[in-house]
Every structure is written in C-alpha cells, then in structure tokens.
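Structural characterization, general
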Protein chains: 2
Amino acid sequence: MPTYSAPSDHVLFLLRDVLGYERYANLPGFADAPLDLVEAVLSEAGRFCEEVLQPLNRTGDVQGCTRHDDGSVTTPDGFKDAYRTYAEAGWVGLAADPAHGGQGLPYTLAAILNEFVSSANMAWGMYTGLAQGAISAITLHGSDEQKALYLPKLVSGEWTGTMNLTEPHCGTDLGLIKTKAVPAGDGSYAITGQKIFISAGEHDLTPNIVHLVLARIEGAPDGTKGLSLFVAPKFLPDESGEVGERNAISCGSLETKMGIHGNATCVMNYDGATGWLVGEPEKGLRAMFTMMNEARLGVAAQGLALAEVAYQNAAVYARERRQGRALSGAAEPDAAADPILVHPDVRRTLMSIRAFNEAARALFVWAALKADIAHKSQDADDRLAADDALGLFTPVLKGVLSDKGFENTVQAQQVFGGHGYIAEHGMEQFVRDARIAMIYEGANGIQALDLVGRKLPKDGGRAMNAFFNEVAGFVKAHEKDEALAPFVAPLTAGLEHLRQATMWLMNNAMAKPDNAGAASTDYMHLFGLVALGYMWAQMAKAATEKLADGADGREAFFETRLTLGRFFMERTMPETAAHLARISSGADTLMALPAEAF
Amino acid sequence: MPTYSAPSDHVLFLLRDVLGYERYANLPGFADAPLDLVEAVLSEAGRFCEEVLQPLNRTGDVQGCTRHDDGSVTTPDGFKDAYRTYAEAGWVGLAADPAHGGQGLPYTLAAILNEFVSSANMAWGMYTGLAQGAISAITLHGSDEQKALYLPKLVSGEWTGTMNLTEPHCGTDLGLIKTKAVPAGDGSYAITGQKIFISAGEHDLTPNIVHLVLARIEGAPDGTKGLSLFVAPKFLPDESGEVGERNAISCGSLETKMGIHGNATCVMNYDGATGWLVGEPEKGLRAMFTMMNEARLGVAAQGLALAEVAYQNAAVYARERRQGRALSGAAEPDAAADPILVHPDVRRTLMSIRAFNEAARALFVWAALKADIAHKSQDADDRLAADDALGLFTPVLKGVLSDKGFENTVQAQQVFGGHGYIAEHGMEQFVRDARIAMIYEGANGIQALDLVGRKLPKDGGRAMNAFFNEVAGFVKAHEKDEALAPFVAPLTAGLEHLRQATMWLMNNAMAKPDNAGAASTDYMHLFGLVALGYMWAQMAKAATEKLADGADGREAFFETRLTLGRFFMERTMPETAAHLARISSGADTLMALPAEAF
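The structure displayed is predicted, hence computed values, not measured ones.

Cut-offs used in this document
- Residues numbered from 1 in each chain as written.
- Chains lettered and ligands numbered in written order.
- Predicted model: local features only at pLDDT ≥ 70, side-chain atom pairs only at ≥ 80, totals over all residues.
- Heavy atoms only, no water.
- Helix = DSSP H or I, 4+ residues; strand = E, 2+ residues; numbered from the N terminus.
- Rg over C-alpha atoms; globule rule 2.2 N^0.38 Å.
- Buried < 20%, exposed > 50% of the residue type's maximum accessible area, 1.4 Å probe, protein only.
- Contact = heavy atoms within 4.5 Å.
- Areas by Shrake-Rupley, 256 points an atom, 1.4 Å probe, with all protein chains shown as cover.
- Lys, Arg positive; Asp, Glu negative; His and termini not counted.
- Charge placed at Lys NZ, Arg CZ, Asp CG, Glu CD.
- Least-squares fit on C-alpha atoms with pLDDT ≥ 70 in both.
- Phe/Tyr/Trp six-rings, centres within 6.5 Å; stacked < 30°, edge-to-face > 60°.
- Buried area = accessible area lost by both parts, 1.4 Å probe.
- Salt bridge = Lys/Arg side-chain N within 4 Å of Asp/Glu carboxyl O.
- Polar contact = N/O pair within 3.5 Å; in protein donor to acceptor, adjacent residues only side chain to side chain.
- Nonpolar A, V, L, I, M, F, W, Y, C, P; charged D, E, K, R; others polar.
- Pairing = 2+ DSSP bridges.

Some thoughts on the overall build of chain A
When helices and strands are counted, chain A shows 17 helices and 11 strands. In summary, chain A has a C-alpha radius of gyration of 24 Å against a globular reference of 25 Å for 598 residues, a match within 12%. Taking the principal axes of the C-alpha coordinates as reference, chain A spans close to 80 × 60 × 60 Å. Here chain A holds 598 residues, and 64% of them are scored as buried. By sequence separation, contacts in chain A at least 24 residues apart represent 73% of the contacts at least 6 residues apart. Accessible surface, chain A as shown: approximately 20,400 Å² in total, 51% of it carbon and sulfur. The averaged location of the 73 negative side-chain charges in chain A is 4 Å from the averaged location of its 50 positive side-chain charges.

Structure follows, in structure tokens:
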C-alpha cells in the first residue's frame, strides 16, 4: 500500500527563505497568516491528507462511482465521511471571503493544500476543487442575489459546484456549443442540451450541486461570442435558500475511464433545466475563464502532486528493495544484495523526479503568490505586474507540470520493476490518474498555443519582458558569485536559448502563423525549463545563505537542496538547446505532408 | 472502436529497397521466401491480425482472465478460437526448423509477424510469443529426446511454453533465486518453489504448457552460477509423448495489473514438480539467455507495435475530428470547423510518432536479418559480425523502442483529448498495455547497463567499432550528395556526439564504474537515436533513388518517406546533444545524496 507525507518542510522553505512570504504581510489575509500559523495549517492539512484521504485512494480506484437507475450516483466508501470532515473543518473556504463564511486566508495556502489533497487522493480532491472555480465565478460575475444564495453554501462546502463546457462534438472549440437557453419570462432561462466529461457532475457528497453551464441564448450569434454563462443548481433553492424543487438536470451515464475512478465523470442532460444568467449575456466565455484559469493552476498542482506521491513511494521502495550489488563493490556485503538505491540509474531516476518537483513547487507557489497580489494588492502597478505574470505562467504551469508530472510518475513506477505494473503497490493507479492532467482544462497543446499566440504577444510582450528582465537581473547580480556558478551559468545559457526562440517567433510567426503552432509545445517547455532553472537558482541562493549564516541543525536539508539543484542544472537544463533547435526548424516540414499521407 | 492496418507496405519497402533482402537468398529458408512470397505471407498475416485478433483486443481487456478454484484459468472469449486458427495455419512454426514441423522461413518474417500481432492484440500475442522462446531454448540446449518430445508440439502450437525466472524477492537479480531442484534418482528432478509474474503460466488455449524454469540444484553454489534450467510440463508426457499425468505445478493466483488483461500473469507454485535438466547443470542462466534475447527483441516489437496502432487511430481521428480553424485561415470554410489535422501541433505529434516508428521498424528488421545471418550464414565472418551487431543492438532495441513506444502511445492518446482518456476509443488500453514493455524481460535500466557494461566493451569494442565504421562509411560516401544533405549532416553530428560519449565512458568509467551507471540510460538513447538516424538516412537514400529512377506511380509513398525523414532529422536528432551533456556530467552529483535524503 502506498504512503504519503505532505512536503510541508519544502513549502515552508519556499515561503520563508526563497519567496519572501513575509514581505506580503500588508495584503489582506496575510496579516492573519504569519508563518507560524501557516506551519500549523499545513501540518493539520497534511495530517488530514495523509491519514484520511490517502487510505481512501485505492478504495476509490477499485470501487469507482456507481450510477443507479434513477440517475443518482454513489461515491466510493468513505468519500462522503471524508468530505464532511473536510468541509466542517473549514478547508473548502480556506481562502474565501469572510463575508461569505470563508476564512479569508491567502489563496497561496489553498493552492498548496490543493497539491497535498491531490497527492493523497486526486479523484476525491476534484469534488471540492471544482467548487473553488464556482466560488470564483460567482464572486466575480454573479449578482448580489446569486452571491447571497450560493456563496455561503459553496464556501461552507454544504453544496459543491461544477463546470459544464464540453459537448460530444466540441471540447477545445467551444464556439460549436449547441446547448440552448430560452428566456422563461421570469428572469430565468430554460436550458436544453447535453454536456459530457462533467467531473463531479452527480454524487452523494452534498444535498445539492451548483452547475455552471455555458449555453447559447436563443438567437445569439454562432461561435464563442454567442455564449452565456448560467447557474443551474441540481435542486432549485426554495424561498429560504435551502434545497427545493428538483431541476431538470440529470446524469445520463458515467464514463468508463483510465483513472480517477473515484470521481464521477458524467454525461449531463439538461432538459429545459432552470438556470439564471451569470454576468452579462454573451460574455459567458470570459466568465468561464475565471473558473478555467483557476482550474488550470489546480491541474498544474495535480501534475506535481502525483509525481510527488509517486516519487515518495519509489524512494521508499529503492531504500528497501534489494537487488544486485553497487557497481563499485558491495555496499552491504553482509546482506544478500544491496538496496537498489545504490545503483546510479535508480538515483538518476529518483533525483530527476525530485529535482523537477521541487522547482515545480517553487514556481507554483510563486504563481499562487502572484494571484494573491493581483487580487489583493493596494498598489495598481503591483497588481498589474502580478496579473501579467499569472496570465503568462498559467499555461506554462498547466502544460509543463502535467506533462512532466505524468512522465515522472511513470518513471517512479519504473523503479518498482514488475511490481509497479500490478495494482498492489498503487503505482499504476498514480500513472492512470496523472494522465488526465495533460488533457482536461484545455489539452496541453492548447496551453502551448495560449502561451505563444496570446500570452506572449499580449500588451506588446510586457509580461514576457518583465520575466526576462527579472531572470537577467538575477543572473547579472550573481554572475560573479562563485558558489552560485553551477546554477547561474546553465540558467544564463537557458535564458539565451529562450531569448533566441522568442526572437525566432517574432521574426517568423507573424507572416506565417503555422510557425507559431509548430513551435508552441517546444516553446512552452523551453519557457518552463528556464523558469524552473530560475527557481533552482533562487533556492540555491537561499540554501547557500542559510548554510553560511549557520543552518541551525538543518545543514542536511540545505545541502540536499544544493545537490538536487546541481542535478537539475546538469541533467535537465541541457534540454533547452534541443527545444530551440526544434523551434527554429519551423513549420515547413510539418505542413508538407498531405492529409492523406498521415 | 480502434482499427488496425498492418504496415506491410513499409515492411516491403524496407526489405526490397533499403535493407537488400534479396542479397540473402543464399541463406537457408530465404530461397524459399522470395519477395513475392513474403508479400503474400505478410498480406495473409496482416489480414488475420486485422480481422481476427484486433476485434478481440478490447474484449480481452474488459474480460481479462479468470482463475477458477481448481487453479485452472479461462482466457477471454474468442482467444481460444483465434489461437486454434493461428496454430492450424502454421504461424507458430513459421521460422522453426522443418525437422520439427516448422516452415523454415526466415526469422525476419516471424519477427515482423510479431509486430503485427502485437499491434492487433498484444495480450493474445504473448501466449504464442513465449512459445517461441521455449522453442529456441530447447532447440539450442535440449537433449535429442527433449527435442523429439517437445519441439513438434511447440512448433505446431499444440502446446505453448513459458519462462519462469522471477520470484517474489528477485527479478533483476536472479542470483537470489530460491527455487530448489532435488534429483529424483531417475534422471528427473523434483522442483519446489514459487515463481511470480509468469506470463501465460496457465490458460485454456492448449492442453499442455511447457514451463522452462530456473532453479538451483540442491547443493549448488549461491548466486547465478548455481542456477540450472529445467523443463517442467504442466502434464507429463506419457509414453507416446501425449498429455499424461498432471505435474505438481499450479497457478496460485493471477495478478491484477495495469494492462495486458487478456494475458494470464500467474503466480506459479512448484510443489515437488517433475522437471528435467535442459543443457548442463549450473549453466541455466546461459540457456535462459537464449530465450531472453529473443524475448527482448519481441518486447522491442511490442513497443513499436503499440505506438503504430495508436498512431494509426490518432491519424484517423485527426482527419475526422473537427475543432477550431487552421492558423492561416479556415481550411474548409463551409464546414463548422476544420479537421484538427490542420493544426501544426497535431501534425507535430503525429509525425514525431510516425517518423520514430518507421525508423524503429527499419532498425528492428535490420536486427532480425542479423539474427538470420548469425544463425544461418555459411560464412564464419558474416556470422560473427551479425552476432556482434545483434548482441549490441538487442538492449538498444528493447530499451529504446519500449521507452519511446510508450511515450508515443501516450502522445497518440493525447490527440483524442478527453476522448482518449475514456475506454470507448481504445487509446487508453494501448497506453496501459504498452507500459509493461519498459519493464519486463529486463527493465530498461538493465538494458542500458547491459549495453554500457557488457555489450560495448565486449571483445575490445569490436561490435561498437563495426557499427561506428558502417555509419561513418555511409556518411563519407554521401557527404557530397546534396539531395541527402538534410539527412547526412544531422547524422554526422549525432555520430560525433556518440563518439564523444563513448570516449567519455572509456576515459571515466573504468576507474569509476558509477560513471557508467550514471550515463547508461542516456547512452542507450543516444545510441538509439544515431542508429535510427542512420536508418532514416538509408531510407531517404532509397526513396531518393526510387524517385530518380521513376517511382512507378508510387511517388507519393517515397515523398512521404523523405518528409518524415526530414522531420526526424530536424526534430528528434537534436536530442543527441542533451544526452551527451548529461552523460558527461558524470556520477558525482548523483552519488552525493545520502540514502536518507531521498
């Protein structure tokens, strides 16, 4: 059976020593969450994930969800109790506005909690994760009445929420959505259509489910411009705002899928269901993107989370499993064989996962802090800069952390040999679960296009330039620091490759957009590598300083960071050159093949 | 539902135009198999795979195998009938010695058939694939009596075979094997122990199963040197060689696993089972390696096979699924959206899979021809050179084709978006099935160590030097050929990286073996890339010549090869530099982390 231990230690290092969490005490919510409180919160959250959620993970996979003839759905044993405990402890509303019953703590903490929960039980976490998106969408776009009606229930976890976008014929291309909304004359709409792949669309965790649905008001134009967002609860609230009449929304079937069996992936049928417009008509996509962007960061966390728990279990196995002898001679000659951790290739596998994970966590927490600043800072310039960075890095985080998170989960499974392929050790479930993160909330190819086609050129490249300048500033400030040379030199090379790739895009993609499309995935990964390399350089700087200042008994912790960072620089950063070469090869060869030749 | 079309077209191009199949007409079996016969055989085999095996693939996954209380195992519906048809058509003995009822055709054909079968139904193919290994082991190491008793039954497919190596506490490190063999006084041995992960260990396809079992004769030394190979059939042959008394061998349980559900992965219990020594006592590992090496090529074929069928289905989907518009403007303005094949990133995904697959198939068929030469040539030098090449490339093929085959299967799944994650389209099954190829028959880390630690230095690097010289000779012969410049230039760069990496190993691994271990996986992939690049250069040369000679209406076929080859050179070959950088970074950072820090 797999185990999990929440990496609070690393998170606290990031907040305290690397990302300067304490600088943000002036932001609302941060004053209430000094580092000792953060430590207590993480410790409690970690314990819940380790002791309650993780043991349910295998159950969820084996049992899956069950749809009954009446369309109701039962979640796996234990999911409901765990959800109740979680909601009652106030975790759902950790970062929500106190005006709606939330705790008002930094979003950053909620984002970190999301990683922990996903490591422990990704399928379970999706029930509460999707509610976060609904809370954001209603908070930003809902009417006062809608806020009053739905937010307290969502924030307390009494009800959950969903996102209804995809239809059988369209996922990426939402402009093709057919679901119709007809004004009912009383301010509500009658919604009719079919939505598919709706995570947590139906379940037994809560007495009501608040669906946010993209649909086209009768007569609205074709394409994305004709889409509006509606709120359509499973049960219509009665006059006191409690569960009332059943709405005409039903789960038609559950998908049989590769993983996340504990989460109900539903076909949802809207048969003249009652819904209310959220925000302005025909501005639905914009409102939905509020949920999508947050959900994309959540998916980034899932990619990291699965690689983290898979790594932890692989490390335990590598310390315990004995096969063969160290190449340099038996490490434990009295035993029949050495632990496989003596083998350099096993170490290479483990360290490449972990070196990635720690940089990924740094980048993720860095981006979460940007979200807090973007939403809460009193300073307009700070808000703008943070919003720029968040927009630029959302596709990078989603795409890179889920792509690499999956690869790394597979590599962790590999450490187990044949034992990784059988269900018993739980590694193959991690792989199956991790796989979805590359796909949902915008498949990673879409993330890459969003980065190259939208986020990069936005506002004359302002966000990108700010990031390049920040990294270049760091490099310049430390180029003569010998202790940091193993970090600064590869980062400089990576940044140069990124600059060249960006220049190549500027010179070649305007006149020929296919060159952008052909470069997009490589560009996203190149961008990610440089950002992760930058995170390692900062972590190395912090670790070096702590060691110089006297590490207070934590020398081993900081030395480990320096070793992992060097590993990343030596073994992962060299990929930037290959990405640049591929980007510069352009679209000609790609586009030369006629469709029938595929 | 997925479909499959056997790539006979590409195979015939390889045999006819690239690898000079007709030059080998002097080898036994080749004279009986001129290209028109090969074409007929491939066409018939392809039809069987497409029409009989492929439709059973999903059934096999959903139903899996069932173990009954008496230890018997039922295979999925249709498996038994398909097996009977296959055996009766003589496919099992396609390349086996006519003296034992085989057809005596080239091994190369059987290897190609193996790819087709694995694409169509990998789990099914393993039942007959493992019999091939048993045939080889008994042919090379068995007594005349054993040959007479077992080979006709195995070659005809009347019985199947298995390999029994792994035990709960040891897979890679066979020296730890505990299974005991005690002389029974009548020439037989009583075998006692437990074997796990035994593919096709028990099933209902045939009335008997011939187990080849590694065990330690009582009193034999510890470690691999004390291991002997035994043949232990499920039913002991009676005096007429037919199924007689039940042996004390039973399937204790079936593993619940990630994929290949249609194949029974058994825990096998030997309770004083009767077995007979195959070959000399305490030479069991050598004899087992006869099976292992063949099995490793079979696994290489599986990696390719799954990526091939996954590619084919992704290509169909990309032509049919409509989402969004071409970046350069609507390709089909009258339709609601363009096929996703217009998107450069979708093309990139598909072409990278296919460009890899075609080179992988070339390398695989090239290696299979080496096996034919090594076993059948009249010329001792030719035999030696072919055996060298086969030994060198077996770990490369197994490791690279299964690693990349899995990655590519995942990428093909990605083309389907959310539809790739649900079971309906069959893509997620391909991924789950492909995953095992990286693990079994020696996990890929072991392949890499075999390459770096054993195959490379063997005989003073003779095999490696021969390959380097062959590629360098090709480069030299074509360095001024302008038409081939897009192929020769990147191949030259890749070869240079491989030379540098090899030199680095020679200079650094002797004194410090951890440097070899730390470099091994990257070296294996670097080696693979250069070999695949060399295959593309040869395919490009052949295609260019055919186009110059008048391609006889097949211009599009040859143009497609040139485009795919350019793609490989532009997009895949740049990875050689990253591998070299990682290799040269050495083991120091890897070994610096203490065990408790993982």
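With respect to the relation of the copies chain A and chain B
Each copy of the sequence occupies a distinct position, and chain A is placed on chain B by a rotation of 180° and an axial shift of 0.0 Å, giving an RMSD of 0.0 Å. The transformation just described matches what one would write down for a two-fold rotation axis. Comparing contact sets, 99% of the residues at the interface of chain A also lie at the interface in chain B, consistent with an isologous, same-surface contact.

Concerning the packing of aromatic side chains
Residue and element names in this part refer to chain A. Counted according to the given criterion, the structure contains 46 aromatic pairs over all chains. Here the aromatic rings of Y317 and F416 are separated by 4.1 Å at their centres, their planes lie at 20°, and the arrangement is stacked. Here Y317 is found in helix α7 (residues 284–320), whereas its partner F416 is found in the loop between α9 (380–415) and α10 (427–435), with 99 residues between them in sequence. Each member of the pair, Y317 as well as F416, carries the same accessibility label: buried.

Some thoughts on the interface of chain A and chain B
Accessible area lost on assembly of the parts is the figure often given for the size of an interface. Across the contact, 89 residues belong to chain A and 88 residues belong to chain B. Of the roughly 7,500 Å² buried where chain A meets chain B, counting both sides, 60% is carbon and sulfur surface. Its largest share of buried area at the contact with chain B, chain A owes to Y421, R571 and F598 of chain A, together 12% of the area lost on that side. The tally of links between chain A and chain B comes to 4 salt bridges. Residue R582 of chain A pairs with E575 of chain B through a salt bridge whose shortest N-O separation is 2.9 Å. Counting across the interface, chain A meets chain B through 54 residue pairs in polar contact (both at pLDDT 80 or more). The residue makeup of the side of chain A that touches chain B, split by class, is 43 nonpolar, 24 polar and 22 charged.

Side note on the pairing of strand β4 (residues 180–183) of chain A
All names here are of chain A. Sheet topology note: the β4/strand β5 (residues 189–199) ladder contains 4 bridges and is antiparallel. In the sheet register, A181 faces β5, and the bridge partner there is I191. In this structure, the hairpin formed by β4 and β5 is closed by a connection of 5 residues, where G185 is found at a positive phi of approximately 95°. Strand direction decides the pairing type here: β4 and strand β6 (residues 209–217), joined by 2 bridges, are parallel. Its bridge partner being in β6, K180 is matched across the sheet by R216.

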